[in-house]
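# Examining the three-dimensional arrangement
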Amino acid sequence: MKRRFLAVLLAAALAAGMAGCGQKEGEPGEKGAASGHGAETSDPEAEAAGQEAQASASDQGTQYHTGTKVSRAYVDPSQTASFQEERKAGGFEYDREALTWELVWADEFDYEGEPDPEKWSYDVGGGGWGNNELQYYTRGDNAAVTDGCLVIQARKETVGGREYTSARLVTREKGDWLYGRIEIRAKLPSGLGTWPAAWMLPTDYKYGSWPASGEIDIMEHVGYDQDVIVQSVHNQKFHGGQSRSGSYPIAGVSEDFHVYTVEWLPDMLIFGVDGEELFTYDPESYSQYPTYELWPFDKRMHILLNLAFGGDWGGARGTEDSYFPVEYYVDYVRVYQSPEIMELTGQEMELSNE
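For the rest of this paragraph, the subject is the overall build of the protein. Along the protein, the regular secondary structure elements total five helices and 20 strands. For the protein, the proportion of its 354 residues judged to be buried stands at 56%. For the protein, the exposed area adds up to about 14700 Å²; of that, 45% sits on carbon and sulfur atoms.

Dropping the structure here:
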């Protein structure tokens, strides 16, 4: 299946044109100028692991599970009051203009075949993913690296009771960070119903299940609103349709590659496209004493890349599949961290990039 997919994918890519893949605008080490996704996995194995963990937690004492999909979303009630009242995102003094950035992790997709298993895993399954999405995410059958790009392909085919397939790649437990600058250079699919995303979820869910532990959307695009990019923050206070977001026109997102970024600092999130800063989330803009409800972003998170189809947002104005299969191209993913911020927050640099 995977070998056939690579051959079909390469033919489709050559027909559609993959200009930009492998043609890096900036080499690693250089500093580049709406609806929440929610549930992290519907993999039956992960759900079984969650049930086992829940049973184990019950054996250890009175604890409760805060979500049905995220196996790590447990909160000890004895610790709830402390983190609910603790002030967040305050007391950090630094000169942002003087910060330096070092590359700590990257995938340049400069190889052929399956995505690097040392860096990527898959979320697998259907079930709507909390947004009534139509696709079934496969374990690798819809993702491949070719001609310098990761290609995620959505297809019309029935798997797991769903009429469409696609892929959702994650760095969870293979690439997890606390603060940094994330850059993703991508060319997005077009077509009514498509919903590509590059985003981040918490790895440990210290504050409970979605949205309490947060979500950072580095890029989202829906096919019915072509050439409009959305970058968002979800938390306990603002989530779903009430998330804090920036939405702006970016010409040619399905014809050209663009660089989508977030600069994740200990007290704010700064989003941009192609080196231009476009949206800043500062929790102190909403409260003089922000708690985890506004700032759960002091715990490690990981990256997700996926192509959804339909759903509450992607399918809000209907779907059309006559243009299938459809591809989402990612030229590179790069993660930088600042030595100054790491020292300020008591962390050590871990240069895991090869």
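Picking up after the structure, the text goes on.
Turning our attention to the layout of surface pockets. Reported here for the largest pocket is a volume of approximately 260 Å³. Around the largest pocket, the lining comprises 15 residues; the ones closest to its centre are Asp-176, Trp-177, Leu-178, Gln-337 and Glu-350. Taken together, the residues of the lining of the largest pocket sort by class into four nonpolar, four polar and seven charged.

What follows concerns the side chain of Asp-123. Here Asp-123 is to be found in the loop between β4 (121-122) and β5 (135-137). A distance of 2.9 Å separates polar atoms of two side chains, one belonging to Asp-123 and the other to Arg-172.

Once that is clear, we can look at the confidence of the model for the protein. Summing up the model confidence of the protein, the mean pLDDT is 85 and the portion of residues at 70 or higher is 77%. Ignoring residues within four places in sequence, the model shows residues 29-33, a span with pLDDT below 50, making 11 contacts including any to other chains.

Below, the discussion takes up the pairing of strand β14 (residues 228-234). Where burial is concerned, most of β14 is hidden: seven out of the seven residues are buried. Here β14 shows a buried face lined by Val-228, Val-230, Ser-232 and His-234 and a second buried face lined by Ile-229, Gln-231 and Val-233. Strand direction decides the pairing type here: strand β13 (residues 215-220) and β14, joined by four bridges, are antiparallel. What sits directly across from Glu-220, in β14, is Val-230. Taken together, the six bridges between β14 and strand β15 (residues 244-249) define a ladder with antiparallel strand orientation.

What follows concerns the pattern of salt bridges. The final tally for this structure, using the stated rule, is 17 salt bridges. As a salt-bridge pair, Glu-277 and Arg-96 come within 2.4 Å of each other at their nearest N and O atoms. Taken together, the positions of Glu-277 in strand β18 (residues 276-281) and Arg-96 in the loop between α3 (77-85) and β3 (102-107) put the pair 181 residues apart, joining distant regions of the chain. For Arg-96, a relative accessible area of 23% gives the class partly exposed. When the shortest N-O distance is used, the salt bridge between Asp-123 and Arg-172 registers 2.9 Å. With Asp-123 in the loop between β4 and β5 and Arg-172 in the loop between β9 (168-170) and β10 (176-177), the pair connects residues that are 49 residues apart, well separated along the chain. Each member of the pair Asp-123 and Arg-172 is classed as buried. Here the residues in one salt-bridge network are Arg-96, Arg-181, Glu-183, Glu-263 and Glu-277, joined through shared partners.

Backbone torsion omega between Trp-210 and Pro-211 reads 10°, so that peptide bond is classified as cis. With respect to the helices and strands, the residue Pro-211 is situated in the loop between β12 (194-202) and β13. Residues Phe-324 and Pro-325 are joined by a peptide bond in cis, for which omega reads 0°. Within the element layout of this structure, Pro-325 appears in the loop between α4 (311-314) and β20 (326-337). Located in the positive-phi region is Phe-109, a residue other than glycine, with phi close to 55°. Checked against the element boundaries, Phe-109 lands in the loop between β3 and β4. Phi at Asp-274 takes a positive value of approximately 55°, unusual for a residue other than glycine.

The tally for this structure, following the rule as stated, stands at 17 aromatic pairs. On the numbers, 5.5 Å between centres and 70° between planes, the contact of Tyr-179 with Trp-264 is edge-to-face. Pair noted here: Tyr-179 is in the loop between β10 and β11 (180-187) and Trp-264 is in strand β16 (residues 258-264), with a separation of 85 residues, a long-range link. This pair shows no difference in class: Tyr-179 is buried, exactly as Trp-264 is. These aromatic residues form a ring-pair network of at least three members: Trp-105, Phe-109, Tyr-111, Trp-120 and Trp-177. Above the plane of the ring of Trp-105 lies Lys-119, whose end atom (NZ or CZ) is 5.6 Å from the centre.

To continue, consider the pairing of strand β8 (residues 162-166). Summarising the sheet, β5 and β8 pair through three bridges and their orientation is parallel. Following the sheet pairing, Gln-135 is matched in β8 by Tyr-164. Bridge count between strand β7 (residues 149-159) and β8: three bridges; the pairing is antiparallel. Of the residues in β8, the one forming a bridge with Arg-155 is Thr-165. If you look at the hairpin formed by β7 and β8, you'll find two residues sitting between the two strands, and Gly-160 has a positive phi there, around 60°.

Within the largest apolar cluster, 64 residues are counted, with the highest numbers of intra-cluster contacts made by Ile-216, Trp-264, Leu-269, Leu-305 and Tyr-328. Broken down by element, the residue count for this core peaks at six residues, all from β20. One finds Tyr-137, Val-222, Val-230 and Trp-313 within the second-largest nonpolar core, a separate group that totals seven residues.

Criteria and thresholds
- Residues numbered from 1 in each chain as written.
- Predicted model: local features only at pLDDT ≥ 70, side-chain atom pairs only at ≥ 80, totals over all residues.
- Heavy atoms only, no water.
- Helix = DSSP H or I, 4+ residues; strand = E, 2+ residues; numbered from the N terminus.
- Buried < 20%, exposed > 50% of the residue type's maximum accessible area, 1.4 Å probe, protein only.
- Areas by Shrake-Rupley, 256 points an atom, 1.4 Å probe, with all protein chains shown as cover.
- 1 Å grid on protein atoms, 1.4 Å probe; cavity = no way out; pocket = protein on both sides within 12 Å on 5 of 7 lines; lining within 4 Å.
- Points joined across faces, edges and corners; volume = space filled by probe spheres on them.
- Nonpolar A, V, L, I, M, F, W, Y, C, P; charged D, E, K, R; others polar.
- Polar contact = N/O pair within 3.5 Å; in protein donor to acceptor, adjacent residues only side chain to side chain.
- pLDDT = per-residue confidence, 0-100.
- Contact = heavy atoms within 4.5 Å.
- Pairing = 2+ DSSP bridges.
- Salt bridge = Lys/Arg side-chain N within 4 Å of Asp/Glu carboxyl O.
- Phe/Tyr/Trp six-rings, centres within 6.5 Å; stacked < 30°, edge-to-face > 60°.
- Lys NZ or Arg CZ within 6 Å of the ring centre and 35° of its normal.
- Core = buried A, V, L, I, M, F, W, Y, C linked by side-chain atoms within 4.5 Å.

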